[in-house]
Structures are given as structure tokens and as C-alpha cells.
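Chain by chain, the residues:
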Amino acid sequence: MAIQEFTLPDPGEGLVEAEIVTWHVAAGDTVDVNQVVLEIETAKSLVELPIPWAGTVASILVPEGETVEVGTPIVTIDVGGDTAPADGGAAGAADDVSGAADGGEVAAEMQTAADVAPAETGESDDEPQQKTLVGYGPTPSSSTRRARRGRGAGGGASGGGTLAAPATRGFAKQQGVDIDTVEPSREDGVVTRDDVKKAGGSNAPAAMSTPTVASSAPPAPSADTVAKAAASAPSVRPDKPTAAAPAPAGLSDERIPIKGVRKVTAQAMVSSAFTAPHVTEFLTVDMTRTMEFVRELQGMRELKDIKVTPLLVVAKACLIAMQREPMMNALWDDANGEIVMRSEVNLGIAAATDRGLLVPNVKDAGRFGLGDLGREIAKLVEIARHGKPSPAILNGGTFTISNIGVFGVDSGTPIIKPGESGILAIGTVRPMPWVVENERGEQEMVIRQIAQLSLSFDHRIIDGDVGSRYLSTVGQILENPAKAMLWG
């Protein structure tokens with residue numbers, strides 16, 4: 001038989017590593033060319049990977065939950081034939097997928113395969129040829145490959161053959177649980193954190209309790225004896241603080257690996273906060289007319305297919321204001337010493353998801369009318385929260401809106417996303433007392449729908465007057481949506 005090794009490719013993000021999330025196949029399963037066999041989580045998105053050969057799964061080399069580097073063999077496929085595989089070869093090494101599609105639309109095309117002629121790999125004519133996928137191409141076999149720790153021929157992990165992610169092993173060690181004694185609950189035999197907790201629940205009292213005193217041990221001293229001894233002992237000041245008392249049995253800190261979306265978000269926020277000098281301005285806005293406008297839009301037959309919210313009007317106001325202040329959409333190109341005036345607004349909408357904060361963006365959002373803009377926003381947010389957003393959806397934004405009002409928050413100081421120059425946060429809309437001018441020209445106190453806007457911008461590019469005018473324009477449109485017709 002001929003065995004082919006499939007290595008972890010780079011799906012066009014320039015990633016270094018990825019986590020194996022889900023295997024859709026098991027050893028012994030039959031697979032076809034371009035069949036999706038697993039799902040990985042990169043720093044930015046969930047990506048499904050197809051297999052470039054037809055055959056039978058020989059072994060799964062990396063279990064679910066483990067993070068491996070790009071180029072690491074993760075599964076072997078028996079493609080049939082009598083030729084043995086090249087010694088140490090990795091015929092499935094992938095090229096950077098970014099060269100396979102135009103304009104960064106790679107991840108969206110990764111689920112589509114192209115039946116093209118196999119590339120030359122330097123293998124013998126008897127060797128089964130690898131069919132090339134979109135963004136995948138066979139490369140010359142390497143004479144050596146990086147050794148994998150503790151992985152036997154059957155694909156098991158170290159530690160007596162027990163399958164468990166490194167984070168799970170570390171957690172078990174923290175709990176004082178021998179990972180090899182834990183009974184896995186999953187069908188594939190992988191030990192999970194919950195399995196360790198269950199095992200630790202039965203073991204913890206014994207592990208945390210003090211040693212049992214034998215019946216022949218001398219009796220403990222009385223309280224009076226201890227008190228007299230303490231009083232007669234010299235007072236000694238310790239050179240360093242004493243160690244904290246151990247935690248009660250069954251309680252421990254939880255350690256969460258920093259990876260995926262959380263890792264890339266942290267890196268991006270630190271980079272932005274310490275690279276771009278942030279200025280944040282605030283504006284309190286009377287949203288009463290906008291809320292009335294939203295109710296009118298909700299009753300229109302043309303918009304019945306979308307959920308019209310104040311966020312849609314805010315998004316349109318931002319786009320109109322950017323036409324008047326195009327510097328808000330500019331980019332600071334430090335490498336080339338230039339300010340790039342971008343022709344299109346790729347409007348990002350911050351979305352809280354189970355994986356963390358994601359910011360899908362509407363490409364060239366200015367070309368959409370109100371209805372189509374609402375449909376695009378709804379579609380992208382739905383994909384971000386419940387689907388598998390591709391890098392093309394998450395990359396390339398130029399300006400972001402963060403709707404912190406959904407959490408009942410009034411305002412904040414949002415951090416600019418790297419590669420952008422501004423971000424607008426809108427707080428919750430609340431009924432509050434507001435001074436207005438009545439028909440007689442007199443001022444009076446009434447209850448109005450009030451919200452706060454917070455605009456952060458990069459002061460290297462945007463001067464205070466530009467940022468202030470932009471925020472003021474957005475506020476004026478929200479106070480009187482009719483001005484959108486005048487300025488848009």
C-alpha cells in the first residue's frame with residue numbers, strides 16, 4: 001500500500017499554528033478527493049480543510065484540541081498501490097493559499113476544489129499523484145521532518161497512549177490527577193477537561209486531606225500546653241512573607257490557554273494602543289427622531305426581511321459623514337512614509353461571539369442604500385456569530401462601529417483596530433430629561449431618547465478639528481435623520 005501524509009497548510013492568513021477543532025473522519029473511513037475531513041481554528045477564523053487524495057484514512061496523527069505548527073503531518077491516507085512512501089516524505093505540504101485567489105478571497109474558496117494536473121514532486125511514476133486543490137500544491141518531499149513529541153505509530157499522544165490536549169494534561173497535573181487513569185467520555189477516546197474534573201472530584205478529598213494519624217500515635221497536645229509554649233517562644237520576624245494557605249479541597253484556579261481569537265485580539269489591541277496615539281471624544285445626542293424613524297422603517301414592506309435597529313441608521317450616518325470628512329477613512333502607512341486616502345469604506349461591525357470579539361466588515365459600504373446596507377450587516381454578523389467567517393470577511397476594514405449599548409453601557413473609550421484610523425461606539429438609548437425649545441421659543445424640560453457617542457481616532461492622521469466635525473455630523477444626522485437626505 002502507499003501512504004500519503006497530509007500536513008497542516010496555511011489557509012492564506014500567514015499563520016504559524018492552528019488548533020485541530022473537529023475531525024470529520026476516523027481511522028478506517030473511506031475519503032474522496034476534495035472531501036472535507038477536519039476543521040481547524042486559526043487566529044482569525046474556523047476553516048474546513050479538504051483532503052487532496054482518495055483512499056482510506058490510515059491514522060489520525062493529531063487529536064482534537066491540540067495546537068500544531070503549519071507543516072506538521074496531521075493525518076495519513078492509504079491511497080492504494082504497491083509503492084511504499086518516500087522515506088520521511090511529506091507529499092501533502094501546502095503552499096501559501098494566498099496565491100490561489102484574487103483579493104484575499106481565499107478562505108471562502110477553500111471549500112471548492114480545482115481538478116487540475118498534479119504538480120511534479122520528484123516521486124516515482126508508480127507513486128499515486130496528488131490532485132491539486134485550490135491553494136494546495138504538492139511540494140518536493142523533504143528528506144527530514146520535525147519530530148513530534150510522544151506520538152507513536154498509532155497516532156496516540158504521550159503518556160501511556162492517553163489522548164488529551166496539552167492544556168488538558170496541564171489541568172490534570174494541577175489537579176493532581178494522573179491523566180492515564182482518567183476514563184474518557186468521548187467516543188474517540190480523547191480525555192477532556194470535564195473528564196479530569198470528574199476524576200478529580202473523586203480523588204481531590206484524598207489528595208488534599210492531611211495524612212491519617214495511626215491509632216498508636218501520641219495524643220495531640222492540649223490547648224493550654226500550646227498557649228504556654230507560644231508565650232515562652234522568642235518572637236522571630238520572618239525574612240520573607242509566609243506562603244499562602246492551601247485552597248480548600250475541590251477549589252482551584254482555572255487556566256485558559258491564550259490562543260485563537262483571544263490571542264490575536266490581545267496582540268492587535270496592544271499593538272494599536274501603543275502605536276496609534278488615541279484621541280477619544282464624546283457627544284450626547286437626542287435620538288428621539290432616529291427612534292421614530294426606525295419605527296417607520298420597521299413598518300415598511302420593503303424592509304420586512306431585515307431587522308431594522310438604530311445601529312443601521314448610525315452606520316448610514318457614519319458613511320455620510322465620511323463623505324464630508326474623508327480623512328477619517330485614511331491609513332497611516334509607516335513603512336512607506338505615506339498617508340493613504342482610501343477610495344472605499346469597508347465598514348466593520350464589532351460582534352461579540354462565543355469565540356471572542358470578531359469584526360466582519362461590509363466591503364465598499366458606501367455603495368449600498370439603507371435596505372441593502374442592513375441586509376449586508378445582518379448577514380455578516382450572523383456569519384460571525386453562528387457560522388464560519390472567512391479571513392476575507394474579517395480583513396481589510398477601514399472604520400469600525402461598536403454597539404456597546406446592547407449591554408446597557410452608556411459610553412467607553414474604544415481602541416482602534418490596527419489598519420484603521422477610527423472607531424465609533426454608541427451607548428444605550430435611554431429616556432432622560434432634555435432641554436428643548438417649544439413653539440413659543442421658550443426652553444422647557446421634556447423626556448427625550450438620549451444616547452452617547454464615543455469616537456476614538458488616530459491623532460497621527462486626524463487632527464482634532466477633523467475628528468470633531470465628523471462626530472458632530474454623525475450626531476446631527478441622528479438628531480434629525482432628514483439631514484441624511486441633504487448631505488447624502
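Here we summarise the structure given alongside this text. (Residues numbered from 1 in each chain as written. Predicted model: local features only at pLDDT ≥ 70, side-chain atom pairs only at ≥ 80, totals over all residues. Heavy atoms only, no water.)

Examining the packing of helix 7 (residues 310-324) against helix 10 (residues 464-479)
Phase 1: Following both chains from N to C, one finds helix 7 and helix 10 inclined at 135°, their axes separated by 9 Å at the closest point. Here helix 10 runs oblique to helix 7, going by the angle between their axes. Of the two possible hands of crossing, helix 7 and helix 10 adopt the one that is right-handed. On the side of helix 7, the interface is formed by Val313, Val314, Ala317, Cys318, Ile320, Ala321, Met322 and Arg324, while helix 10 contributes Tyr470, Thr473, Val474, Ile477 and Leu478.
Phase 2: In terms of residue class, the contact of helix 7 with helix 10 is made up of 11 nonpolar, one polar and one charged. (Axes fitted to C-alpha atoms, helices over the stretch in contact; angles between N-to-C directions. Helix = DSSP H or I, 4+ residues; strand = E, 2+ residues; numbered from the N terminus. Parallel < 35°, antiparallel > 145°, perpendicular 65-115°, else oblique. Left-handed = near helix turned anticlockwise from the far one by under 90°. Contact = heavy atoms within 4.5 Å. Nonpolar A, V, L, I, M, F, W, Y, C, P; charged D, E, K, R; others polar.)

Re the sheet that holds strand 8 (residues 73-78)
Phase 1: Strand order across the open sheet formed by four strands is 1-8-6-3, with antiparallel pairing between neighbours. Looking along the sheet, the strands with just one partner apiece sit at the ends: strand 1 (3-7) and strand 3 (30-31).
Phase 2: Two strands pair when backbone bridges link them, and strand 6 (residues 55-60) and strand 8 are joined in this way by four bridges, in the antiparallel orientation. Each bridged residue has a counterpart across the sheet, and for serine 59 the counterpart in strand 8 is threonine 76. (Pairing = 2+ DSSP bridges.)

What about helix 6 (residues 288-298)?
Phase 1: Listed as buried for helix 6 are Thr288, Thr290, Met291, Val294 and Leu297.
Phase 2: Each element contacted by the buried residues of helix 6 is listed here: strand 11 (278-286), helix 7, helix 8 (370-386), strand 21 (443-458) and helix 10. (Buried < 20%, exposed > 50% of the residue type's maximum accessible area, 1.4 Å probe, protein only.)

Some words on the pattern of salt bridges
Phase 1: Within this structure, the stated rule accounts for 10 salt bridges.
Phase 2: Taking the shortest distance from any N to any O, the salt bridge between arginine 367 and aspartate 364 comes out at 3.7 Å.
Phase 3: For arginine 367, a relative accessible area of 53% gives the class exposed.
Phase 4: As a salt-bridge pair, arginine 430 and aspartate 410 come within 2.6 Å of each other at their nearest N and O atoms. (Salt bridge = Lys/Arg side-chain N within 4 Å of Asp/Glu carboxyl O.)

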